[in-house]
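Each chain is listed here by its residues.
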Amino acid sequence: MNPYANTIITTSLIMGPLLTISSNHWILAWTGLEISTLAVIPLIAKQHHPRAIEAAIKYFLTQATASTLILFSSIINAWTLGQWSITQMSNNISCTILTTALAIKLGLAPFHFWLPEVLQGTTTTTALILTTWQKLAPLSLLMMTAQSMNTPLMLTLGLTSTIIGGWSGLNQTQLRKIMAFSSIAHLGWMITILTLSPKLTLLTFYTYITMTSTMFLMIKLLETNKISVMMTSWTKLPTLNTMMMLTLMSLAGLPPLTGFMPKWLIIQELTKQHMLIIATMMALLSLLSLFFYLRISYYTTITLPPNSTNYLQQWRHKINQKHYLALMTTLSISLLPITPTLLTAI
């Protein structure tokens, strides 16, 4: 890619979400979302492959639809109340349209269909950006308008996303699609608790970004896209494979790893709010996600499944060590003991 174009795209990618987060006016927030969307499209399409072009078009159409709904929602609110402040959302119709639009932007079920397809059609690095950095702006808008949101609607969206994210990931063999459904399931947890405790949503988002980024960087380093190729990845970096298993277990939310912390706190908060049925359902639905994380771990570290296809043996060779990966892996698996400190800091 041309260095000048690369600089413009990178700058826009950084500035777009930051503009949305720092704004208090709907037009400015909408502009930030548009800048962010337009910056990502060239990154998705730069492979010049039909699959990548298809992914770019799907991404553009869904994000354009969501942006239109956000603008429509803010205009209705401004027409009713006479002001454009993000935090002053009092119109019920406007709030419902906004929730729908941000759910499309984030890839929440039942508006999730674009996310796995777009991630599958792009590179691992772009998939990492789409599942972490690009979630920042829509989620910040949801947090700024949390006090105006309809709690039953948010709980429904959260539960649906957790069900779809866990259930749809069960029969996947492509790692990027698995990570897409993992993202949908994690967003379900965040949205469930959003109106009850925005602080917990923020904590869950931080841990999600850390664990997902670590997982994507490991996949990129091992140069694998499918579960079947993961079977021979132990010959490249055995230590990294072990760390990948721990990161996957952390994503699943198993104690005593980092991923257990947000799920434990969310279930505790739901119990305090006397939502025992929802808390029980969320805990049971996390077992669906646990299954496909366990499947990747099983294929990667324990044994080779019966297979008729011959795979090219990937011999151990020198790989440039990524020193930041050691720090990210440590954060992904060992933050549980400092939970009280993190809660105080947020």
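Residues numbered from 1 in each chain as written. Predicted model: local features only at pLDDT ≥ 70, side-chain atom pairs only at ≥ 80, totals over all residues. Heavy atoms only, no water.

Caption draft 1: Seen up close, the packing of aromatic side chains. Here the structure, examined in full by the defined rule, presents 5 aromatic pairs. Ring centres 5.9 Å apart and planes at 5° place the aromatic pair F260 and W264 in the stacked group. Of this pair, F260 and W264 both sit in helix α13 (residues 260–272), 4 residues apart, roughly one helical turn. Between Y298 and Y299, the aromatic rings sit 6.2 Å apart at their centres with planes inclined by 50°, giving tilted as the arrangement. Owing to a relative accessible area of 41%, Y298 belongs among the partly exposed residues under this scheme. (Phe/Tyr/Trp six-rings, centres within 6.5 Å; stacked < 30°, edge-to-face > 60°. Helix = DSSP H or I, 4+ residues; strand = E, 2+ residues; numbered from the N terminus. Buried < 20%, exposed > 50% of the residue type's maximum accessible area, 1.4 Å probe, protein only.)

Caption draft 2: Seen up close, the pattern of salt bridges. Counted according to the given criterion, the structure contains 3 salt bridges. Residues K58 and E117 are paired through a salt bridge, measuring 3.9 Å at the closest nitrogen-oxygen approach. Residue K58 is found in helix α3 (residues 50–81), and its partner E117 is found in helix α5 (residues 114–120); the two are separated by 59 residues along the sequence. Note on E117: relative accessible area 27%, which makes it partly exposed. Connected via shared salt-bridge partners are E54, K58, E117 and K177. (Salt bridge = Lys/Arg side-chain N within 4 Å of Asp/Glu carboxyl O.)

Caption draft 3: Region of the structure containing the UniProt feature "transmembrane region" (unreviewed entry) in the protein. In the UniProt entry, the feature "transmembrane region" (unreviewed entry) is given for residues 57–79, 91–115, 152–171, 178–197, 203–222, 234–254, 274–294 and 324–343. Along residues 178–197 one finds 85% helix and 0% strand; the C-alpha atoms at either end are 28 Å apart. Within the segment residues 203–222, helix and strand shares are 100% and 0% respectively, and the terminal C-alpha atoms sit 29 Å apart. (UniProt positions renumbered as here; feature names shortened; annotations may be inferred.)

Caption draft 4: Layout of the packing of helix α4 (residues 92–106) against helix α8 (residues 151–168). Two elements in contact, α4 and α8, have axes separated by 11 Å at closest approach and are oriented at 20°. Judged by the angle between their axes, α4 and α8 are roughly parallel. Like other packed secondary-structure pairs, α4 and α8 cross with a definite hand, here right-handed. Residues T96, T99 and A103 of α4 pack against L153, M154 and L157 of α8. Within the contact of α4 with α8, the residues separate by chemical class into 4 nonpolar, 2 polar and no charged. (Axes fitted to C-alpha atoms, helices over the stretch in contact; angles between N-to-C directions. Parallel < 35°, antiparallel > 145°, perpendicular 65-115°, else oblique. Left-handed = near helix turned anticlockwise from the far one by under 90°. Contact = heavy atoms within 4.5 Å. Nonpolar A, V, L, I, M, F, W, Y, C, P; charged D, E, K, R; others polar.)

Caption draft 5: Region of the structure containing the UniProt feature "domain: NADH:quinone oxidoreductase/Mrp antiporter transmembrane" (unreviewed entry) in the protein. Here the UniProt-annotated "domain: NADH:quinone oxidoreductase/Mrp antiporter transmembrane" (unreviewed entry) positions come out as residues 23–288. End C-alpha to end C-alpha, residues 23–288 measures 38 Å, and it is 75% helix and 0% strand.

Caption draft 6: Highlighting the domain arrangement of the protein. Along its sequence, the protein is carved into domain 1 (1–113) and domain 2 (150–345). Taking only C-alpha atoms, the centre of domain 1 and the centre of domain 2 are 26 Å apart. Between domain 1 and domain 2, the residue contacts involve 10 residues of the former and 11 residues of the latter. Contact between domain 1 and domain 2 buries roughly 830 Å² in total, counting both sides, with carbon and sulfur atoms accounting for 80%. The interface formed by domain 1 and domain 2 holds 0 salt bridges in total. Linking domain 1 to domain 2 there are 1 residue pair in polar contact (both at pLDDT 80 or more). Per-class residue counts for the side of domain 1 that touches domain 2 are 6 nonpolar, 4 polar and no charged. (Domains from an automatic or database assignment. Buried area = accessible area lost by both parts, 1.4 Å probe. Polar contact = N/O pair within 3.5 Å; in protein donor to acceptor, adjacent residues only side chain to side chain.)

Caption draft 7: Local environment of the side chain of S332. The residue S332 is located in helix α15 (residues 323–333) in this model. At 3.4 Å, the side chain of S332 and the backbone oxygen of T210 are in polar contact. Polar side-chain contacts of S332 include one of 2.8 Å to the backbone oxygen of M328. Once you skip the residues sitting within four places of it in the chain, S332 turns out to touch T210, M211, T214, T247, S250, T258 and G259.

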